[in-house]
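Residues per chain are reported as follows:
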Number of protein chains: 2
Amino acid sequence: MLSQIPFANVAERREQPPILAVSTVIFSLRDDERSGRKSLWLPLVRRTRDPYRGQWALPGGPLGARDSLVDAAAANLRETTGLIPRYLEQLYAFGDLERSPTRRVVSVVYWALVREDDAPHTDTAATSVLLDDPNVAWFRADDEQVLQNMAFDHQQIIEYALWRLRNKVEYGSIAHRLLGERFTLAQVREVYEAVLNKSLDPANFRRQLRNAADIEETDEFLAGGKHRPPRLYRYTGSPTHPLESENIS
Amino acid sequence: MLSQIPFANVAERREQPPILAVSTVIFSLRDDERSGRKSLWLPLVRRTRDPYRGQWALPGGPLGARDSLVDAAAANLRETTGLIPRYLEQLYAFGDLERSPTRRVVSVVYWALVREDDAPHTDTAATSVLLDDPNVAWFRADDEQVLQNMAFDHQQIIEYALWRLRNKVEYGSIAHRLLGERFTLAQVREVYEAVLNKSLDPANFRRQLRNAADIEETDEFLAGGKHRPPRLYRYTGSPTHPLESENIS
DNA sequence: TTAGTTAAGGTCAAAGTGACATTAACTAAG
DNA sequence: CTTAGTTAATGTCACTTTGACCTTAACTAA
């Protein structure tokens with residue numbers, strides 16, 4: 001594997017100070033024809049330079065000297081994908097020696113959930129890896145084909161982000177961030193079915209959600225379906241700890 | 001506040017690439033005369049240089065070019081405190097612009113739990129801030145006096161580590177790491193009482209612990225008390241995710 | 001032998017959970 | 001206008017889990 005970047009020699013690059021970078025894993029909910037259910041999708045960018053030129057990678061870039069970590073992640077995300085997430089949560093700092101074949105890079109990775117409306121799923125066709133035109137595309141979060149051919153250690157990063165998502169305790173906050181201000185209980189259930197990848201009893205799920213103190217009913221209903229209009233609810237909780245949900249300045 | 005370090009000027013230092021450092025928050029259990037219960041203690045080191053010379057700080061240092069993040073944390077810990085924790089878990093990466101008054105520093109912070117035996121609580125007297133001799137000392141994790149006078153943003157870091165500890169889901173693993181291989185159910189209860197800072201019903205706590213699949217009884221008993229000898233138990237669980245418990249190489 | 005102490009297990013009412021049935025309120029087909 | 005289809009919303013019931021408390025077991029020290 002050739003590289004045009006200096007310090008490709010291991011002994012040499014190890015003497016260089018580590019580079020600091022930030023990357024982001026973004027999840028969004030989307031209809032999935034394959035499973036019939038909603039499922040999780042994430043945007044990736046195609047690398048235009050070595051190493052891993054042409055392969056898919058997480059959006060990210062070097063940490064600017066004037067940005068805090070979370071600001072750098074947000075700025076980079078806007079530039080590369082056009083996405084403006086409302087909040088970012090720190091996932092993990094990856095710093096193994098051999099994670100980049102060129103220079104030593106320590107990546108602070110953030111993750112976020114965005115609503116379907118905020119996520120311009122520009123091209124449905126871009127869900128195929130075969131496409132060679134655009135440099136940003138959305139993929140199913142469990143698309144093995146794509147994950148296994150990612151640049152750097154980004155496959156592990158995405159898998160860890162998924163693990164964290166599935167092990168998030170708070171019911172309401174995830175749904176709220178994927179769905180928006182107001183949502184029906186059935187939509188929340190769809191979120192959980194997508195994340196946990198299993199069906200849930202609608203009646204029991206409703207009972208548990210309503211008892212969870214951080215979800216509150218509104219006076220509005222969602223009309224338009226071919227059935228009784230469901231009531232809309234609102235999320236009233238706040239992040240459990242400031243660092244678990246960083247604001248973007 | 002004077003400083004002998006270059007780039008003290010804000011405009012200047014912002015052009016410098018960020019420095020990468022690692023620090024560690026270590027918790028250990030210890031008898032506490034004040035509360036009558038066991039409580040959490042942590043080791044701090046006294047700074048011998050500006051900035052914050054003379055104040056207490058978390059053990060830590062710059063990231064060596066040859067070390068992975070977790071190895072750097074472990075090596076630094078050994079050098080500054082003599083402690084060799086069996087595992088480290090990544091807590092958070094702190095990277096705000098103004099967290100160090102001199103150069104821009106991004107700190108990847110780890111945390112760990114160590115058993116009382118592994119923690120050489122050398123000097124009981126060192127629990128007082130007034131002492132001026134040693135450069136390492138142990139303090140109660142809720143000692144406001146000390147926390148409020150810590151160097152850098154280390155007070156917030158410790159508070160976040162405590163929050164994470166209190167919100168850890170797994171019953172068994174925390175106790176196992178603070179106590180060792182074999183332990184009585186009452187010792188586990190003491191751990192929880194110390195961490196959560198409240199009393200728990202011994203009978204109900206026992207019932208719940210025994211039902212938790214990752215704790216298993218042994219054939220041994222702990223003799224020596226002035227009462228019926230309690231049975232010893234063993235932790236059989238494994239970390240929920242590799243990144244949640246990094247091995248030290 | 002007895003008092004003191006903690007271990008270990010049991011009881012019982014209250015609360016919570018999972019499986020499933022019933023009624024409510026809309027749309028669309030005839 | 002009526003009826004079938006669909007999902008919303010609530011209720012029922014057996015079963016499990018929880019919190020408060022009691023009883024008995026097994027040791028030490030006086």
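Reading the values: the criteria
- Along each chain, residues carry numbers from 1 onward, in the same order as the chain's sequence is written.
- Here the convention is simple: chains get letters from A, ligands get numbers from 1, in the order in which they are written.
- With the structure being a predicted model, the display of local features is reserved for residues of pLDDT at least 70 and the display and counting of side-chain atom pairs for 80 or more, all residues being used for whole-chain, interface and lining totals.
- Hydrogens are left out, water is left out, and the side-chain values use all remaining heavy atoms of the structure.
- If a single non-hydrogen atom of a residue is within 4 Å of a molecule or strand, that residue counts as near it.
- Any N or O atom pair separated by 3.5 Å or less is treated as a polar contact, with the protein-specific requirement of one donor-capable and one acceptor-capable atom, and with residues adjacent in sequence counted only for side-chain atom pairs.
- Put simply, DSSP H or I for four residues or longer makes a helix, DSSP E for two residues or longer makes a strand, and each gets a number counted from the N terminus.
- Each residue gets one label: Ala, Val, Leu, Ile, Met, Phe, Trp, Tyr, Cys and Pro are nonpolar, Asp, Glu, Lys and Arg are charged, and the others, such as Gly, are polar.
- The term salt bridge refers to a pairing of a side-chain nitrogen on Lys or Arg with a carboxyl oxygen on Asp or Glu at a separation within 4 Å.
- The rule is simple: take the accessible area with a 1.4 Å probe, protein chains only, and divide by the maximum for that residue type; under 20% is buried, over 50% is exposed, in between is partly exposed.
- Note that the domain bounds were set by an automatic or database domain assignment.
- The contact criterion used throughout is that any non-hydrogen atoms of two residues lie within 4.5 Å.
- Accessible area that two parts lose when put together, with a 1.4 Å probe and added across both, is what the buried area reports.
- Criterion used throughout: strands pair if DSSP finds at least two bridges between them.
- Between N-to-C directions, angles span 0 to 180 degrees; the directions come from axes that are lines fitted to C-alpha atoms, helices contributing only their stretch in contact.
- The pLDDT score gives, residue by residue, the confidence of the prediction method on a 0 to 100 scale.
- Think of a nonpolar core as a cluster: buried Ala, Val, Leu, Ile, Met, Phe, Trp, Tyr and Cys residues, connected wherever their side-chain atoms sit within 4.5 Å.

A. The arrangement of the protein's contact with DNA strand C in detail. Taken together, 21 residues lie near DNA strand C, and A:N204, A:R207, B:R206, B:K226 and B:R231 sit nearest. Across the atoms of DNA strand C situated within 4 Å of the protein, the share located in sugar and phosphate is 61%. At a separation of 2.8 Å, a phosphate oxygen of DNA strand C approaches a polar side-chain atom of B:R206. Breaking the surface near DNA strand C down by element, the ones donating at least two residues are helix 7 (202–211) of chain A together with helix 7 (202–211) of chain B. Its residues placed into classes, the surface near DNA strand C shows six nonpolar, five polar and 10 charged.

B. Spotlight on the pattern of salt bridges. Scanning the entire structure with this criterion turns up 24 salt bridges over all chains. Linking B:E89 and B:K168 is a salt bridge whose minimum nitrogen-to-oxygen distance equals 3.4 Å. Remark: B:K168 occurs in the loop between helix 4 (154–166) and helix 5 (171–179) and B:E89 occurs in strand 5 (residues 89–94); sequence separation between them is 79 residues. Assessed through its relative accessible area of 22%, B:K168 is described here as partly exposed. Salt bridges linked by common partners bring A:D31, A:K38 and A:E116 together as one network.

C. Structural view of the protein's contact with DNA strand D. Lining the immediate surroundings of DNA strand D are 21 residues, of which A:R206, A:R231, B:N204, B:R207 and B:G225 lie closest. In DNA strand D, atoms within 4 Å of the protein come 57% from sugar and phosphate. Within the side chain of B:R207, an N or O atom sits 2.7 Å from a base nitrogen of DNA strand D. When contributions to the surface near DNA strand D are tallied by element, the ones reaching two or more residues are helix 7 of chain A together with helix 7 of chain B. Of the residues contributing to the surface near DNA strand D, the split by class is six nonpolar, five polar and 10 charged.

D. Inspection of the domain arrangement of chain A at higher detail. Residues and elements named next belong to chain A. Domains assigned within chain A are domain 1 (2–168) and domain 2 (172–235). Taken together, the contacts link 16 residues of domain 1 with 15 residues of domain 2. Taken over both partners, the interface formed by domain 1 and domain 2 buries close to 1300 Å², and the fraction arising from carbon and sulfur atoms is 62%. When the buried surface of domain 1 facing domain 2 is broken down by residue, L29, R37 and R115 rank first, second and third, together holding 41% of it.

E. Expanded view of the sheet that holds strand 8 (residues 182–184) of chain A. Residues and elements named next belong to chain A. Pairing is antiparallel in the open sheet, where three strands are placed in the order 8-10-9. Of all the strands in the sheet, the pair left with one neighbour each is strand 8 and strand 9 (215–221). Across the sheet, the mean angle from the axis of one strand to that of its neighbour is 45°, orientation sign disregarded. Bridge count between strand 9 and strand 10 (residues 231–235): four bridges; the pairing is antiparallel. The partner of E217 across the bridge, within strand 10, is Y233. Against the sheet, helix 5 (residues 171–179) contacts strand 8, strand 9 and strand 10, and its axis sits at roughly 110° relative to strand 10.

F. Representation of the confidence of the model for chain A. Residues and elements named next belong to chain A. Taken residue by residue, chain A gives an average pLDDT of 86. The fraction at 70 or more is 88%. Mean pLDDT values for the elements of chain A range from 47 in helix 1 (residues 10–13) up to 97 in strand 5 (residues 89–94). Considering only residues more than four positions removed or in separate chains, one finds that residues 1–14, a stretch of pLDDT under 50, has 23 contacts. The model gives residues 124–133 a pLDDT under 50, and that stretch makes 17 contacts with residues more than four places away or in other chains. Note on the complex model: pTM 0.89, ipTM 0.88.

G. Main features of the nonpolar core. All names here are of chain B. Membership of the largest hydrophobic core comes to 44 residues, with the highest contact counts inside it found for V25, F27, L40, L44, L91, L113 and L165. At seven residues, the largest contribution of residues to this core is made by helix 4. Per-domain counts for this core show at least three residues from each of domain 1 (2–168) and domain 2 (172–235). Discounting residues that sit within four places of it in the chain, L91 has contacts with V109, Y110, W111, I157, Y160, A161 and R164.

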